[in-house]
Protein chains: 2
Amino acid sequence: MRDLSSDTALLSLNTATVKMQWDLKQIIDGCERHQIGAISPWRDQVAACGLDEAARRIKGAGLRVTGLCRGGMFPAADAKGLQANIDDNRKAIDEAVVLGAECLVLVVGGMPAGSRDIAGARNQVFDGMSAILEHARSNNMPLAIEPLHPMYAADRACVNTMKQALDICDRLGEGTGVAADVYHLWWDPDLEQQIIRAGKNKQLLAYHVCDWLVPTNDMLTDRGMMGEGIVELKKIRGWMEAAGYDGCCEVEIFSENNWWKKDPEIVLQTCIERHQSVV
Amino acid sequence: MRDLSSDTALLSLNTATVKMQWDLKQIIDGCERHQIGAISPWRDQVAACGLDEAARRIKGAGLRVTGLCRGGMFPAADAKGLQANIDDNRKAIDEAVVLGAECLVLVVGGMPAGSRDIAGARNQVFDGMSAILEHARSNNMPLAIEPLHPMYAADRACVNTMKQALDICDRLGEGTGVAADVYHLWWDPDLEQQIIRAGKNKQLLAYHVCDWLVPTNDMLTDRGMMGEGIVELKKIRGWMEAAGYDGCCEVEIFSENNWWKKDPEIVLQTCIERHQSVV
């Protein structure tokens with residue numbers, strides 16, 4: 001395993017981690033000030049800053065962009081809705097290109113409101129990805145499916161395990177892979193095997209870290225800082241690196257009652273300290 | 001599929017569903033009054049009633065017992081703790097025998113406090129089940145692993161998919177199987193295949209129904225009544241029955257802010273109405 005004990009270059013800050021305290025310009029400045037090597041911005045923050053301005057500032061700060069969050073959200077109640085979602089994903093690809101992102105992260109979407117048809121939603125995800133694939137390939141922008149925890153299967157992402165994501169990637173072929181987030185995947189007894197499988201096919205496009213708190217008091221916004229919870233972070237990073245992953249560790253923490261309320265300087269310092277000690 | 005449209009014999013009431021309103025005696029009386037065919041009591045309620053008294057009343061009411069909730073909770077911080085849990089599971093088997101239960105439901109347990117070793121917890125589950133298996137077999141009491149939703153992997157049950165449960169059952173052999181609860185399993189893209197697999201090996205020991213609400217406001221106590229949420233109940237029951245399952249549909253609803261606050265007569269009437277229409 002790589003020695004991260006004095007590293008900051010392989011640390012990526014997902015901008016959601018301090019989104020309540022800072023806008024994108026402030027986050028970029030913060031990363032530069034703390035010598036954090038990479039960033040992964042959200043589209044709404046990029047839009048608020050202005051796409052070209054965001055790209056210029058990120059480049060100016062010398063930051064890698066480990067992903068753009070996020071495309072996906074394909075399933076819709078009708079064909080027109082699906083087409084609108086496909087069109088929006090093409091735009092997301094274009095934005096990722098401007099930002100120099102290493103991949104476009106896809107949170108694929110859940111079932112449309114009122115639907116109970118999860119198989120249908122999964123088919124729409126496949127159809128949606130198929131529809132944007134040539135645009136992604138021709139722009140050299142890898143599409144990274146982020147399997148989300150099964151507790152989000154109904155309303156956020158109907159792709160919920162690494163195996164399921166890789167089965168989709170295998171059907172779609174070149175230009176697709178996964179963003180592996182420990183928060184969503186840590187529990188899966190099949191995780192190591194699926195990481196090995198993904199590594200063989202060069203499908204490990206991103207690695208996201210945070211921690212799972214016990215108890216978890218909110219399904220969306222109660223993630224822990226690395227080391228606060230029960231995830232075996234070093235074991236999972238070991239699996240990733242043994243499978244050939246050599247990218248960054250991206251910190252993505254949604255924390256309504258704790259990290260979103262802290263001084264963002266402290267948050268960044270803590271991210272660095274934990275990256276160097278427990279990730 | 002079986003026609004349940006005028007059935008109450010194949011409806012089982014898990015006593016948790018009205019535990020806030022009624023004690024076990026009242027629940028037994030309620031089931032008899034509503035001609036509900038079966039019951040699945042929790043051990044604490046049985047203990048409060050008295051084991052022999054509970055058995056006598058359940059038999060007197062003509063109720064099947066689709067399971068005793070619950071054994072399991074094996075993992076412990078040390079060997080002494082594991083042994084205590086094993087001993088408690090032997091007692092649970094004895095109680096299930098007295099009650100005439102069709103199986104002992106196992107919620108297998110999560111990681112001991114402070115642990116991050118989910119693989120170790122899973123090994124303890126296997127060891128614990130191995131230790132009670134002969135006692136279960138000699139008493140003709142099937143052990144039904146209930147895979148719990150992955151959101152409970154850390155603190156309640158480290159067995160989280162049907163596949164994982166069946167892999168354990170296959171290693172343990174005769175006298176083991178699964179309690180399939182739609183709340184925990186509905187999202188799994190592999191569910192139909194695993195139900196088919198379980199059916200071939202006579203491992204489908206119980207079937208639990210409720211519904212998954214969108215949004216879900218509490219990870220433990222915000223389950224829906226059948227029909228209120230997004231689970232394709234008839235599809236999953238179809239898979240179960242196509243795989244050979246011919247037992248009851250057991251209603252188990254934890255609902256702090258809704259069904260636990262309603263008149264239990266209304267709750268039972270609603271269970272029957274939904275059992276006959278949407279399950």
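Looking at an unreviewed UniProt entry, one finds chain A named Sugar phosphate isomerase/epimerase family protein and attributed to Thalassotalea psychrophila.

## Quick word on the sheet that holds strand 1 (residues 11–14) of chain B
Residues and elements named next belong to chain B. Strand order across the open sheet formed by 9 strands is 3-2-1-9-8-7-6-5-4, with parallel pairing between neighbours. In this open sheet, the two strands that pair with only one neighbour each are strand 3 (64–65) and strand 4 (68–72). The strands touched by helix 4 (residues 79–99) within the sheet are strand 3, strand 4, strand 5 (104–107) and strand 6 (143–145), with strand 4 carrying the most contacts at an inclination of about 160°. Across the sheet, helix 10 (residues 264–277) lies against strand 1 and strand 9 (249–251), angled at about 140° from strand 1, the strand it touches most.

## Looking at the relation of the copies chain B and chain A
Overlaying chain B with chain A gives an RMSD of 0.0 Å, the required rotation being 180° about an axis along which the chain moves by 0.0 Å. Seen this way, the second copy is the image of the first under a two-fold rotation axis. Taken as a fraction of all interface residues of chain B, those also at the interface in chain A reach 100%, which identifies the copy contact as same-surface.

## A few points about the environment of A:Gly224
Residue and element names in this part refer to chain A. If you trace the backbone, Gly224 turns up in the loop between strand 8 (204–209) and helix 9 (233–242). Sequence-wise, Gly224 and Val214 are 10 residues apart; in three dimensions their C-alpha atoms are separated by 9.4 Å. Those residues within four positions of Gly224 in sequence are excluded, and the remaining contacts are Cys210, Asp211, Leu213 and Ile253.

## What to know about the packing of aromatic side chains
The geometry of two aromatic rings is summed up by the distance between their centres and the angle between their planes. As enumerated under the stated definition, the model contains 11 aromatic pairs over all chains in all. Aromatic pair B:Trp42 and B:Phe254: ring centres 6.1 Å apart, planes at 70°, arrangement edge-to-face. Of the two residues, B:Trp42 sits in the loop between strand 2 (38–40) and helix 2 (43–49) while B:Phe254 sits in the loop between strand 9 and helix 10, which places them 212 residues apart along the sequence. No difference in accessibility class separates B:Trp42 from B:Phe254, as the two residues are buried. On the numbers, 6.1 Å between centres and 40° between planes, the contact of B:Phe254 with B:Trp260 is tilted. Comparing B:Phe254 with B:Trp260 shows no difference in burial state: the two are buried. Every member of this aromatic cluster is reached through a ring pair, and the members are A:Trp42, A:Phe254 and A:Trp260. Between B:Lys262 and the ring centre of B:Trp259, over which it is positioned, the NZ or CZ distance is 5.0 Å.

## Let's talk about the UniProt feature "domain: Xylose isomerase-like TIM barrel" (unreviewed entry) in chain A
The UniProt record marks residues 38–265 of chain A with the feature "domain: Xylose isomerase-like TIM barrel" (unreviewed entry), using the residue numbering of this structure. Along residues 38–265 of chain A one finds 42% helix and 14% strand; the C-alpha atoms at either end are 16 Å apart.

About the thresholds
Per chain, residue numbering runs from 1 following the sequence as it is written. The naming scheme follows written order: chains are lettered A onward, ligands numbered 1 onward. Restriction of local features to residues with pLDDT of at least 70 applies here, the model being predicted, together with a cutoff of 80 or more for giving and counting side-chain atom pairs; totals for whole chains, interfaces and linings are based on all residues. Hydrogens and water are ignored here; the side-chain numbers use all heavy atoms of the structure. Only strands joined by at least two bridges in the DSSP assignment are considered to pair. Only DSSP runs of H or I reaching four residues or more are called helices, and only runs of E reaching two or more are called strands; each is numbered from the N terminus. Residues are treated as being in contact if the distance between any of their heavy atoms lies within 4.5 Å. Axis definition: a line fit to C-alpha positions, over the contact stretch in the case of helices; interaxial angles, taken between N-to-C directions, run 0 to 180 degrees. Here the copies were fitted onto each other by least squares, based on C-alpha atoms from residues at pLDDT of at least 70 in both. The pairing test for Phe, Tyr and Trp rings, Trp by its six-membered ring, is centres within 6.5 Å, and the orientation test on the planes gives stacked under 30 degrees, edge-to-face over 60, and tilted for anything in between. Relative accessibility thresholds used throughout: buried, under 20% of the residue-type maximum; exposed, over 50%; partly exposed, between the two (1.4 Å probe, protein chains only). Only when the NZ atom of a Lys or the CZ atom of an Arg is both within 6 Å of the ring centre and within 35 degrees of the ring normal do we say a charge sits over the ring. UniProt positions are given in the numbering used here, feature names are shortened, and annotations may be inferred rather than shown by experiment.

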